[in-house]
2 protein chains.
Amino acid sequence: MSSIYWQEDIETLPRPQLAELQLKKLRESITRALRSPFYGKLYRELNISAESIKTYDDVRKLPITTKDDLRACYPFELLTCPKDNIIRMHCTSGTTGNPAAVLYSRHDLDSWANLMARSMFATGARPADVFQNMSGYGLFTGGLGFQYGAERLGCLTIPAAAGNSRRQIKLMQDFGTTIAHSIPSYLGRLHAVFLENGLDPIRDTKLERLFIGAEPHSEETRLRIQEMFGAKAYNSFGMTEMNGPGVAFECSYQNGMHLWEDCYLLEIVNPDTLEPVPDGEIGEMILTTLDREAMPIIRYRTRDLTCIIPDECPCGRTSRRIDRIKGRSDDMFIIKGCNVFPIQIERVLMRIREIGSDYLIVLDRNDEGDTLTVQAELKSESFTDDYKQLDALRRRIANDLRDEILVTPAIQLVGPGELPKNEGKAVRVKDLRA
Amino acid sequence: MSSIYWQEDIETLPRPQLAELQLKKLRESITRALRSPFYGKLYRELNISAESIKTYDDVRKLPITTKDDLRACYPFELLTCPKDNIIRMHCTSGTTGNPAAVLYSRHDLDSWANLMARSMFATGARPADVFQNMSGYGLFTGGLGFQYGAERLGCLTIPAAAGNSRRQIKLMQDFGTTIAHSIPSYLGRLHAVFLENGLDPIRDTKLERLFIGAEPHSEETRLRIQEMFGAKAYNSFGMTEMNGPGVAFECSYQNGMHLWEDCYLLEIVNPDTLEPVPDGEIGEMILTTLDREAMPIIRYRTRDLTCIIPDECPCGRTSRRIDRIKGRSDDMFIIKGCNVFPIQIERVLMRIREIGSDYLIVLDRNDEGDTLTVQAELKSESFTDDYKQLDALRRRIANDLRDEILVTPAIQLVGPGELPKNEGKAVRVKDLRA
Ligand SMILES: [Zn+2]
Ligand SMILES: [Zn+2]
């Protein structure tokens, strides 16, 4: 096992052959999709079949599939095989109406576990590693997705699930955890519990790698996490509609996420025109499953914004890399005529040493129009009641933010731990405008 | 797939061959166990090796292993192979000190998934079934244990996890769930949520089977659950130390749980003398793993009380059956000199039509000595403020209980839903005696 690849042949396949493979698998996916009630009706009306795809450009002839389509198809309208062939269901956690449900055949779970193992292996994870999964389990794909992948790879897998920080720390210490998976916002809280208990995660654990994903976060947040834990943090990308985690993952170079193109067809488009954007330019990601048997999804609007990183990766993998998720096309808010993504604000805040990892963006309205307030948490060591000092800090943050987003926000500094905590994913924006 | 057996050859193996197989696997387990630090030291001191086991009676020469031993061995002292061969850890949820941790090799997870599939198949579950697992996931074995087993069998598996009753009901209805797994105390709450939403689980779901376990419960509770859901409820037995669920399970005859003797060696002993008790007589179960590679446990005191059901099962399976768990040898409390198990009180309460499924046993002390109070929940339809009627009911319950436990308790009747609810397993006894 001296190779740096989990599946060398497929991971280093020259791009012309990869493109051929993709077109072949796309044709198969269309043939399969035609068996589902949803695509069957749609494609027959549009006269689409496997023969419609002759070149890579033909992909753009296929209609887009949206989350609303998936919801309307709930629970079984996208299924291409008898229900008896399905062995698992996951679904999104939407608050109202039907969720988007994904149905997996045995082949699909096997293919997913393999991609997860390939992803983890690419970061340097090996069977001797101890992997602690601090993700929620159940219908959320971060639990079982990483579990099956880590077992496939052969790690000692600790299904710690989310929460209970003191137990997480005990497990890390007792079992010598070398890799942990978490949403990035939880790692700040976990670090605080280490300190509260007189422990230092660098000195008192064997952590070498962290897998972070499921929440957009900035490079500055990644660097902070790496500093807090003395471990490399690798970005992970996935979504329930595309199986779950394991769609794209950083390799040991940490320079963007290899999107596994033998299993997913990648497009980046302008969210308004749906026209492709050039490599390096930010747009919305459109993904097509190429290896899903029970429920292919073709040209899915992910709403996630990213760009293709143009150059080749020194690791030798030929699959293209996407940059960290910049936000969701529906996360963007407009304030005083400017388009702002929460991640832009985070990036500025995380560069400021005095500020902790928690923040909240509040949008409101007064007589003069929209207001933007950024609430940011001071680190314990920066906490002071020297008004002059705090005021100077506030002005510095407001200036830095104006340079980035072109709007000057009001800044509120709060003590450590004073911002409201949420279960699960962090809430970063509160829009109080009617 | 017309067979009623998952593995006909092994499930119907004549008992003499089964005994031979057990002794062979026990010898192998001892040889393996000798490689672990704990058994290695212990067995060498006692001069125990595979050759010590020539007949079935020789089993009793082997020392008992206790939960305290497991805790003292935490995390790795029972391991018989390099850590690199381990791919999962589960542990018990003890509140203080170290938990008991179980480490699984790939063979061990495979063997466990197979036993779970065999168990579910024995009740009549088939690949066309839709299985909703309402168990907690993560370190608790009821989640991943049933998940892997149901996928092995080929059911459409919905990893709903615990709690969120309205979503449980929506999933049951939308996916046509035919089998659900739950702790018995949750099913009463779930039924109440069905009613609150104007739904009838019998009319409005396709439920055919329920798997219930992890909490001692009476036959009366099972019958009530069956009535509430219009589905057959099958008892399930397992414990983390023995992998998790899938140690013993009822077949379609629902007449006690087949303990899978090709994988576990069963003894029932007097908890005081550790001498075997005759079939049909209640004692403490001692279990030995026969198919565990990474971490064999030999002669484990489970603390669970049950008896062997003497006659053969009409299903043709040759593995012996154990009766439902009567309680734990350390659950028993002594009141006014009488030994009482909580399950005895439950059995009496569940026979009384006016009483709902929740109850609480409170032990306290006053000037005259120990007091026993039983708090029981009235069903909505039995709720009244007619004092005379309530008093008559109280007296009836107290009399029935005295006949069963030889002590007359004070009875407090409370309205539906008024007893405190606990996350996870129900708390049935509160001992306030200093
Ligand atoms: Zn790379
Ligand atoms: Zn039977």
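Residues numbered from 1 in each chain as written. Chains lettered and ligands numbered in written order. Predicted model: local features only at pLDDT ≥ 70, side-chain atom pairs only at ≥ 80, totals over all residues. Heavy atoms only, no water.

### Describing the domain arrangement of chain A
All names here are of chain A. Splitting chain A by domain gives domain 1 (1-331) and domain 2 (333-431). Computed over C-alpha atoms only, the centres of domain 1 and domain 2 are separated by 30 Å. Contacts between domain 1 and domain 2 engage 17 residues on the former and 21 residues on the latter. Both faces considered, domain 1 and domain 2 share a buried interface measuring about 1500 Å² in area, 52% of it formed by carbon and sulfur atoms. When the buried area of domain 1 at its contact with domain 2 is split by residue, R189, E220 and R224 rank highest and sum to 38% of it. In this structure, the connection of domain 1 to domain 2 is made through 2 salt bridges. With a closest N to O distance of 3.7 Å, E227 and R353 form a salt bridge. The interface formed by domain 1 and domain 2 contains 7 residue pairs in polar contact (both at pLDDT 80 or more). (Domains from an automatic or database assignment. Contact = heavy atoms within 4.5 Å. Buried area = accessible area lost by both parts, 1.4 Å probe. Salt bridge = Lys/Arg side-chain N within 4 Å of Asp/Glu carboxyl O. Polar contact = N/O pair within 3.5 Å; in protein donor to acceptor, adjacent residues only side chain to side chain.)

### Side note on the sheet that holds strand β20 (residues 410-414) of chain B
All names here are of chain B. What the 4 strands build is an open sheet, ordered β20-β19-β18-β21; its pairing is mixed. Looking at the sheet topology across the chains shown, the edges are occupied by β20 and β21 (429-431). Across the sheet, the axes of successive neighbouring strands diverge by a mean angle of 20 degrees, strand direction being ignored. Helix-sheet contacts for helix α11 (residues 342-350) involve β18 (355-366), β19 (369-378) and β21, and the interaxial angle to β18 is about 135 degrees. (Pairing = 2+ DSSP bridges. Helix = DSSP H or I, 4+ residues; strand = E, 2+ residues; numbered from the N terminus. Axes fitted to C-alpha atoms, helices over the stretch in contact; angles between N-to-C directions.)

### Quick word on the layout of surface pockets
All names here are of chain A. For the second largest pocket, the calculated volume is near 610 Å³. Taken together, 21 residues form the lining of the second largest pocket, with G188, H191, G356, S357 and K379 sitting closest to its centre. Counting residues per element, the ones that place at least two in the lining of the second largest pocket are α8 (184-196), α10 (219-229), β18 (355-366) and β19 (369-378). Residue contributions to the lining of the second largest pocket peak at 6 residues, all from α8. (1 Å grid on protein atoms, 1.4 Å probe; cavity = no way out; pocket = protein on both sides within 12 Å on 5 of 7 lines; lining within 4 Å. Points joined across faces, edges and corners; volume = space filled by probe spheres on them.)

### What about the sheet that holds strand β15 (residues 327-328) of chain B?
Paired through their backbone hydrogen bonds, the strands of a sheet run either parallel or antiparallel. Residue and element names in this part refer to chain B. If you walk across this open sheet you meet the 4 strands as β10-β11-β12-β15, and the pairing is antiparallel. Only two strands of the sheet have a single neighbouring strand rather than two, namely β10 (264-269) and β15. Direction of pairing for strand β12 (residues 300-306) relative to β15: antiparallel, over a ladder of 2 bridges. When the bridges of β15 are listed, L305 appears paired with G327.

### With respect to the pairing of strand β1 (residues 86-91) of chain A
In the case of a regular strand, side chains alternate between the two sheet surfaces. Residues and elements named next belong to chain A. Of all 6 residues that make up β1, 6 are buried, and the element is covered over most of its length. In terms of strand pairing, β1 meets strand β2 (residues 101-105) through 5 bridges, oriented antiparallel. Counterpart to C91 in the pairing with β2 is A101. (Buried < 20%, exposed > 50% of the residue type's maximum accessible area, 1.4 Å probe, protein only.)

### Points about the coordination of the zinc ion (ligand 1)
Residues and elements named next belong to chain A. Looking at the zinc ion (ligand 1), the protein donor atoms are C251 (SG), H258 (NE2), C313 (SG) and C315 (SG), and they sit 2.1 to 2.3 Å from it. Its 4 donor atoms give the zinc ion (ligand 1) angles of 100 to 119 degrees at the centre, a pattern that matches the tetrahedral case. Going along the chain, you hit the donors of the zinc ion (ligand 1) in the pattern C-x6-H-x54-C-x1-C. One end of the pair, C251, is in the loop between β8 (244-250) and β9 (257-259); the other, C313, is in the loop between β13 (308-309) and β14 (321-322), with 62 residues separating them in the sequence. (Donors = N, O, S within 2.8 Å, 3.2 Å for Na, K, Ca; no water. Tetrahedral: all angles 85-135°; square planar, octahedral: opposite > 155°, others 65-115°.)

### Thoughts on the side chain of R222 of chain B
Residues and elements named next belong to chain B. Mapped onto the secondary structure, R222 falls in helix α10 (residues 219-229). A polar contact is formed between the side chain of R222 and the side chain of E219, at a distance of 3.1 Å. Engagement of the side chain of R222 in a polar contact is seen with the side chain of E250, the distance being 2.7 Å. Aside from chain neighbours lying at most four places away, what touches R222 is I212, A233, Y234, N235, E250, Q254 and R324.

### Section: unusual backbone geometry
Cis geometry marks the peptide bond from Y74 of chain A to P75 of chain A, where omega comes out at -5 degrees. Take P75 of chain A: it is sitting in the loop between α4 (67-73) and β1. Here the phi dihedral of Q254 of chain B falls at roughly 50 degrees; this positive angle occurs in a residue that is not glycine. Tracing the backbone through its elements, the reader meets Q254 of chain B in the loop between β8 (244-250) and β9 (257-259).

### Some remarks on the packing of aromatic side chains
Tallied over the full model, the rule gives 27 aromatic pairs over all chains. Between the aromatic rings of W6 of chain B and F121 of chain B, the centroid separation amounts to 5.5 Å while the plane-to-plane angle is 50 degrees, which identifies the pairing as tilted. Taken together, the residues W6 of chain B in the segment before α1 (8-11) and F121 of chain B in helix α5 (residues 106-123) connect sequence positions 115 residues apart. For F121 of chain B, a relative accessible area of 1% corresponds to the buried category. Consider the rings of Y39 of chain B and Y43 of chain B, whose centres lie 5.1 Å apart with planes at 50 degrees: the pair is tilted. One end of the pair, Y39 of chain B, and the other, Y43 of chain B, are both in helix α3 (residues 37-46), 4 residues apart, so they sit about a helical turn from each other. Y43 of chain B matches Y39 of chain B in its accessibility class, with the two residues each being buried. One cation-aromatic arrangement involves R126 of chain A over F121 of chain A; the distance from NZ or CZ to the ring centre is 3.6 Å. (Phe/Tyr/Trp six-rings, centres within 6.5 Å; stacked < 30°, edge-to-face > 60°. Lys NZ or Arg CZ within 6 Å of the ring centre and 35° of its normal.)

### Concerning the coordination of the zinc ion (ligand 2)
Residues and elements named next belong to chain B. Bound to the zinc ion (ligand 2) on the protein side are C251 (SG), H258 (NE2), C313 (SG) and C315 (SG), at distances that span 2.1 to 2.3 Å. Considering all 4 donor atoms around the zinc ion (ligand 2), angles at the metal cover 100 to 118 degrees and the coordination shape is tetrahedral. On the primary sequence, the residues serving as donors to the zinc ion (ligand 2) are separated as C-x6-H-x54-C-x1-C. One end of the pair, C251, is in the loop between β8 and β9; the other, C315, is in the loop between β13 (308-309) and β14 (321-322), with 64 residues separating them in the sequence. With respect to class, C251 is no different from C315; both count as buried.

### Considerations on the interface of chain A and chain B
Listed by partner, the interface residues are 40 residues for chain A and 39 residues for chain B. Summing both sides of the interface, chain A and chain B together bury roughly 3100 Å²; the carbon and sulfur share of this comes to 63%. Run the count over chain A and chain B and you get 2 salt bridges. Between E151 of chain A and R88 of chain B there is a salt bridge whose closest N-O contact spans 2.6 Å. In this assembly, chain A and chain B are joined by 16 residue pairs in polar contact (both at pLDDT 80 or more).

### Structural notes on the relation of the copies chain A and chain B
Once chain A is rotated about the relating axis by 180 degrees and shifted along it by 0.1 Å, it coincides with chain B to within an RMSD of 0.1 Å. The transformation relating the two chain copies, once decomposed into turn and shift, fits a two-fold axis. Among all residues of chain A, the minimum C-alpha distance to the rotation axis is found for Y137 of chain A, at 3.0 Å. Comparing interface residues between copies, 98% of those in chain A also sit at the interface in chain B, which points to an isologous, same-surface contact. (Least-squares fit on C-alpha atoms with pLDDT ≥ 70 in both.)

### Observations concerning the pattern of salt bridges
Residues and elements named next belong to chain A. One pass over the structure, following the stated rule, counts 70 salt bridges over all chains. Measuring nitrogen to oxygen at the nearest pair gives 2.6 Å for the salt bridge that ties E284 to R301. Within this pair, whereas E284 is found in strand β11 (residues 283-289), its partner R301 is found in strand β12 (residues 300-306), the two being separated by 17 residues in sequence. What makes R301 buried here is its relative accessible area of 12%. Look at the salt bridges and you will find they share partners, linking E219, R222, E250 and R324 into a network.

### Side note on α10 of chain A
All names here are of chain A. Burial of α10 is extensive: 8 of the 11 residues sit out of reach of the surface. Within the sequence span of α10, burial applies to E220, T221, R222, R224, I225, Q226, M228 and F229. At the exit of α10 stands G230, carrying a positive phi of roughly 60 degrees.

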